[in-house]
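The primary structure of each chain is shown beneath.
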Amino acid sequence: MPTAPLRALRRAVSGPVLVALVVLSSLSLTGCTSDDVSPVPPDVSPGASRMEPKPAGGPGDILVAGRAVTGSEPSGIPKAPFRRTYTDGEVYASVTGYRSLSFGAAGVESIRRTELDAGRDVPTTIDPAAQRAAFDGLRGRTGAAIAVDVRTGEIVALVSAPSYDPGSFAGNTGADAEMWRRLQSAEPRPLLNRAVREAENPGGAAHLVVAAAALEKGLVRSVDTPTRSPLAYAIPGTTTRINGPSPRCENADLRIALKHGCGNVFAALAADLGAGPLESTARALGFNDDNLKTPVRAAESVWPSDPPSRADLALTANGLADVTATPIQLALLLATLSNAGARPAPRLLATPDAPADTRRALSPRTAVQLSGALSAPLTARVPATGTTWSLSTAHTPSGRTLAVVVTLAATNDTAADTTAAATAIAHRVTAG
């Protein structure tokens, strides 16, 4: 009688194990951790809701390309004299967070509240054209998109869908309370920042970790070295087989295996490498880090250190079982490959003239080889959830190189249509 892990393996990988990519736990339903949230100001009473220029003594604003996407107006409340307003609130909610007279603050509004309350503006790294392209592409869908400059780690676009308008509950009227109640109970959770705070099975994106480990540990010499991986790979000690989705997957090199999502190849490599080297490579690439901040704290992306069975190890190699990743983690992984193995620290807030903060994650040789093997966008659909991931690197008209990750939740569309939609969103973000 097959064990539960083996039954799960058969369900998950009996068909094509797609190479893939990406695609985001939280305090309540806000998608924020305790250090991202500020308390509610005391003793507030109803205030006005009209839009006016920033009043004297009001808080600073959050800026996008030098333009304020927040504002403030008098509240009529001595202890909380200003009410926050937002321009294009839904477009930038994943960037700004919210600030409410009744429900506290979250995101950048909370983390940089000291500066904002002192009247100082907080500039961001967001490009408004890329942000709008990502938002429009995700309209009517559930998912996320993030674009990161591979050299500096600057976040150029950051969108979670469905979104919300933080101005709709910024006051303390009955209408504000009703909107907050509706957002708290809505499905799928609009207050959750999926790009940063939702970690899910990455599916074939995990193949990048296995490939990096195989190169770093010397198991294969290059991305063009054939592997020893039968088309129907039998997990040692079991009768379970992982079938490659294409005849080209038999003994395929890493370049072909990444292109075709050859789950048989990566399961075989994982068995030869063992759990320890895989986890150490994953950790170097940013997994198992519970302190990743943009400055908003990201959910931890997890790579198990000791899978309980060979079947679980095979699942791990294919981004299933206990492996989870956020879109921002996978974008930084891709950025590392494009940045000669130097992993940039993510930056959502602009710090003029500050040098890029990077650390060595892979050898330049490994990174360059894998980056070269990913010459085309990689997309996949995770069988168990129907989630579609897209990962790509592109050069913008301004000369930047961006790592772009898009994730779309399952819909009634065909797999091909959802994959095409994810790829199109990524292209729009970089077309600028």
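Keep in mind that what you see is a predicted model, and the values were worked out from it rather than measured. (Residues numbered from 1 in each chain as written. Predicted model: local features only at pLDDT ≥ 70, side-chain atom pairs only at ≥ 80, totals over all residues. Heavy atoms only, no water.)

What should I look at first to understand the overall build of the chain in this one?
Scanning the chain from terminus to terminus reveals 15 helices and 17 strands. Here the chain, with 432 residues, has 56% of them falling under the buried criterion. (Helix = DSSP H or I, 4+ residues; strand = E, 2+ residues; numbered from the N terminus. Buried < 20%, exposed > 50% of the residue type's maximum accessible area, 1.4 Å probe, protein only.)

Mind showing me how you'd approach the side chain of Thr366 here?
Position of Thr366 relative to the elements: it lies in helix H14 (residues 364-373). On the basis of relative accessibility, which here comes to 2%, the residue Thr366 falls in the buried class. Leaving out residues up to four positions away in the same chain, Thr366 has contacts with Ala212, Leu215 and Glu216. (Contact = heavy atoms within 4.5 Å.)

Sorry if this is basic, but what is going on with the sheet that holds strand E15 (residues 378-381) here?
The strands making up a sheet associate through backbone hydrogen bonding, with each pair oriented either parallel or antiparallel. One open sheet accounts for 5 strands, arranged E10-E9-E17-E16-E15; its pairing is antiparallel. Looking along the sheet, the strands with just one partner apiece sit at the ends: strand E10 (155-161) and E15. The mean inter-strand angle of the sheet, taken between neighbouring strand axes irrespective of direction, is 10°. With 8 bridges joining them, strand E16 (residues 388-395) and strand E17 (residues 401-408) adopt antiparallel strand pairing. Within the sheet, the bridge partner assigned to Thr388 lies in E17 and is Leu408. Of the strands in this sheet, strand E9 (143-149), E10 and E17 touch helix H5 (residues 128-138), which is tilted by about 20° from E10. (Pairing = 2+ DSSP bridges. Axes fitted to C-alpha atoms, helices over the stretch in contact; angles between N-to-C directions.)

Which parts of the structure should I look at to understand the state of the cysteines?
Taken as a whole and judged by the stated rule, the model has 1 disulfide. Residue pairing for Cys249: its cysteine sulfur links by disulfide to Cys262, the two sulfurs lying 2.0 Å apart. As the torsion about the S-S bond is roughly -75°, the Cys249-Cys262 disulfide counts as left-handed. Note that Cys249 is positioned in the loop between strand E12 (241-243) and helix H9 (254-260) and Cys262 in the loop between H9 and helix H10 (263-273), a separation of 13 residues in sequence. Of the two residues, Cys249 and Cys262, both sit in the buried class. (Disulfide = S-S within 2.5 Å.)

Would you mind going over the sheet that holds strand E2 (residues 62-64) with me for this structure?
Read across the sheet, 3 strands follow the order E3-E2-E8 without closing on themselves; strand pairing throughout is mixed. The open sheet has two free edges, formed respectively by strand E3 (67-68) and strand E8 (122-123), since each of these has just one partner strand.

What am I meant to see in the environment of Thr430 here?
Note that Thr430 resides in helix H15 (residues 415-431). The class for Thr430 is buried, based on a relative accessible area of 10%. Apart from the residues lying within four places of it in its own chain, the contact partners of Thr430 are Ala394, His395, Thr396, Pro397, Leu402 and Val404. At a separation of 3.2 Å, a polar atom in the side chain of Thr430 contacts the main-chain carbonyl oxygen of His427. (Polar contact = N/O pair within 3.5 Å; in protein donor to acceptor, adjacent residues only side chain to side chain.)

Explain helix H13 (residues 327-338) here, please?
For the α-helix, the turn length of 3.6 residues means that residues three or four positions removed from each other point alike. Here H13 is 12 residues long and its end C-alpha atoms lie 17 Å apart, about the 16 Å a rise of 1.5 Å per residue gives. Here H13 lies mainly inside the structure; 11 of its 12 residues are buried. Listed as buried for H13 are Pro327, Ile328, Gln329, Leu330, Ala331, Leu332, Leu333, Leu334, Ala335, Thr336 and Leu337. (Expected span 1.5 Å × (residues − 1).)

Explanation requested: helix H11 (residues 275-284) in the structure shown.
Of the residues making up H11, those classed as buried are Leu278, Glu279, Thr281 and Ala282. Seen along its axis, H11 keeps its buried residues to an arc of 165°; they face one direction. Residues of H11 that are buried make contact with helix H8 (206-216), H10 and helix H12 (310-317). Looking one or two residues past H11, Gly286 carries a phi angle of roughly 110°, positive in sign. (Arc of directions from axis to C-beta.)

How do you make sense of the pairing of E16 when you look at a structure like this?
Side-chain positions along a regular strand alternate between the two faces of the sheet. A large share of E16 lies buried, amounting to 6 of its 8 residues. Here E15 pairs with E16 via 4 bridges, running antiparallel. Following the sheet pairing, Thr379 is matched in E16 by Ser390. Hairpin connection of E15 to E16: 6 residues between the antiparallel strands, including Gly386 at a positive phi of 80°. If you look at the hairpin formed by E16 and E17, you'll find 5 residues sitting between the two strands, and Gly399 has a positive phi there, around 100°.

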